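Listed here are the chains, written in short residue letters.
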Protein chains: 2
Amino acid sequence: MQITSRFTVAVHILTCIEIFSEKMRVTSEFLAGSTGVNAVIIRNVLGLLRTAGIVETRQGSGGAHLVRPLGEISLYDIYVAVDSLDDNGLFRFHENPNAQCPVGRNIHKVMDRRLAAAQQALENELRSMTLADVVAETRAIICEDDKGHAT
Amino acid sequence: MQITSRFTVAVHILTCIEIFSEKMRVTSEFLAGSTGVNAVIIRNVLGLLRTAGIVETRQGSGGAHLVRPLGEISLYDIYVAVDSLDDNGLFRFHENPNAQCPVGRNIHKVMDRRLAAAQQALENELRSMTLADVVAETRAIICEDDKGHAT
DNA sequence: TAAGTTGTAACTACCATAGTTACAACTTTT
DNA sequence: AAAAGTTGTAACTATGGTAGTTACAACTTA
């Protein structure tokens, strides 16, 4: 069981949009090339990010843009946008515990709070990190790279 | 995307084993009845818990028992035992970012630390809770239940 | 109008989860 | 030693989600 690669793909393409959109049109084809992920999947992910109010895209002309400042887009926002858990929560509960059994009757009640706390811990950590951090570090590494090649 | 119900099933059956095994043989059939989950699945989960050194089972005679004290079995131990992430981590990364692209070449490096931190946060929370807590609260609720019925 | 792009539907391939059936191996009881 | 009950496991099915693919209408710009 793993959290979908849509999440890392989304972070990747948002980073690309920030870094490249000043100099060029960042199309789904370009993003497909950078991520190694199918262009239709990219467009779907962009659609989810658009619905979440994180990016703008335009039919016809092409090219995606960020809607909010980098520092106001947390990894949590991205995670929620693309990895829909609906109302179910991160943990899946077996559906038919036996109400005749004292444990079966109460296990849900006992566990729910704890599972929610665990999920919260994950989400709080994701909330603490923003695209600004990711882009800054990426830019720094790219800059180092360039220096390395120059010597 | 959700964490498998094997996890909540495992917590459920371990709770049952603790609560019932003094008075009766806790067989996979019994646990299937309490959880509403197929007996073969129960035996598989018990097998994973056995491999992890959490329970003992015996062929033929039947009945599962806890191997370690309740307080030394954390929800993390159970999670790891039944929800194998292998070496992959909780987050799945898209596999072919383009090394020609400065973002594609570095995104993995930039994200890995952050994804690991998020995973850690989840796991630390699970580590902080033990079967002892779960069983204690379950017993307390069962006791309340009984009082309620008595009046 | 032509070229390039997005948005979306429809389909496929693949994999994991969970259920099911079946049965050999084992333990205990009689 | 036979019978009954149980575990461990293999093999198979059903289901659902992820991701890839093809196709095309709607749109924008040159």
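Below, the structure is looked at part by part. Each chain has its residues counted from 1, running along the sequence as written. Chain A is the first chain written and ligand 1 is the first ligand written, with later ones labelled in order. Owing to the predicted nature of the model, reporting of local features is limited to residues with pLDDT of at least 70; listing and counting of side-chain atom pairs is limited to 80 or more, with chain, interface and lining totals taken over all residues. Hydrogens and water are ignored here; the side-chain numbers use all heavy atoms of the structure.

1. Some remarks on the relation of the copies chain B and chain A
Note the following rule: Our superposition of the copies is a least-squares fit, built on the C-alpha atoms of residues whose pLDDT is at least 70 in both. We call two residues contacting when some pair of their heavy atoms lies within 4.5 Å.
Note on the copies: chain B fits chain A at an RMSD of 0.0 Å, the axial shift is 0.0 Å, and the rotation between them is 180°. The relationship between the two copies is best expressed as a two-fold rotation axis. Among all residues of chain B, the one whose C-alpha sits closest to the rotation axis is Leu122(B), at a distance of 2.4 Å. Most of the interface of chain B is mirrored in chain A, where 100% of its interface residues are also at the interface.

2. A closer look at the interface of chain B and chain A
What counts here: Buried area counts how much accessible surface, traced with a 1.4 Å probe, disappears from two parts once they are put together, with both parts' losses summed. The term salt bridge refers to a pairing of a side-chain nitrogen on Lys or Arg with a carboxyl oxygen on Asp or Glu at a separation within 4 Å. Polar contact is defined as a pair of N or O atoms within 3.5 Å, subject to the rule that within protein one atom must be able to donate a hydrogen and the other to accept it, and that residues adjacent in sequence are counted only when both atoms are side-chain atoms.
Every contact between the two is made by 61 residues of chain B and, on the other side, 61 residues of chain A. Around 5,300 Å² of area is buried between chain B and chain A when both sides are counted, 68% of it from carbon and sulfur atoms. When the buried surface of chain B facing chain A is broken down by residue, Met1(B), Gln2(B) and His94(B) rank first, second and third, together holding 14% of it. For the pair chain B and chain A, the number of links is 4 salt bridges. In this structure, Glu137(A) engages Arg114(B) in a salt bridge whose closest nitrogen and oxygen atoms are separated by 2.9 Å. Linking chain B to chain A there are 20 residue pairs in polar contact (both at pLDDT 80 or more).

3. Quick word on the protein's contact with DNA strand C
Here is the rule: Near residues are defined by distance, with any heavy atom within 4 Å of the molecule or strand qualifying the residue. Numbered from the N terminus, helices here are DSSP runs of H or I no shorter than four residues, and strands are runs of E no shorter than two. Amino acid classes used here: Ala, Val, Leu, Ile, Met, Phe, Trp, Tyr, Cys and Pro are nonpolar; Asp, Glu, Lys and Arg are charged; the rest, including Gly, are polar.
Inspection of the region around DNA strand C gives 26 residues, with Ser28(A), Thr57(A), Thr4(B), Ser5(B) and Asn38(B) positioned closest. A share of 67% of the atoms of DNA strand C within 4 Å of the protein falls on sugar and phosphate groups. At a separation of 3.5 Å, a base oxygen of DNA strand C approaches a polar backbone atom of Gly60(B). Among the secondary structure elements, those contributing two or more residues to the surface near DNA strand C are helix H3 (39-51) of chain A together with helix H1 (5-20) and helix H3 (39-51) of chain B. At 4 residues, H3(A) tops the list of elements feeding residues into the surface near DNA strand C. Its residues placed into classes, the surface near DNA strand C shows 5 nonpolar, 14 polar and 7 charged.

4. So, the protein's contact with DNA strand D
The environment of DNA strand D is made up of 26 residues, and the closest members are Ser5(A), Asn38(A), Gly60(A), Ser28(B) and Thr57(B). Here a phosphate oxygen of DNA strand D sits 2.3 Å away from a polar atom, N or O, in the side chain of Ser5(A). Contact between DNA strand D and Asn38(A): a phosphate oxygen at 3.3 Å from a side-chain N or O atom of the residue. Counting residues per element, the ones that place at least two in the surface near DNA strand D are helix H1 (5-20) and H3 of chain A together with H3 of chain B. Of all the elements, H3(B) adds the most residues to the surface near DNA strand D, at 4 residues. Partitioning the surface near DNA strand D into residue classes produces 5 nonpolar, 14 polar and 7 charged.

5. Side note on helix H2 (residues 28-35) of chain B
Counted only if it meets this: Accessibility here uses a 1.4 Å probe with only protein chains present; expressed as a share of the type maximum, an area under 20% marks a residue as buried, one over 50% as exposed, and anything in between as partly exposed. Arc, as used here, means the arc of the directions from the helix axis to the C-beta atoms.
When H2(B) is considered as a whole, its buried residues turn out to be Ser28(B), Leu31(B), Ala32(B), Ser34(B) and Thr35(B). Down the axis of H2(B), the smallest arc covering the buried residues is 165°, so these residues share one side. Its buried side turned inward, H2(B) meets helix H5 (102-127) of chain A together with H1 and H3 of chain B. Of the residues trailing H2(B), Gly36(B) is marked for its positive phi of about 75°.

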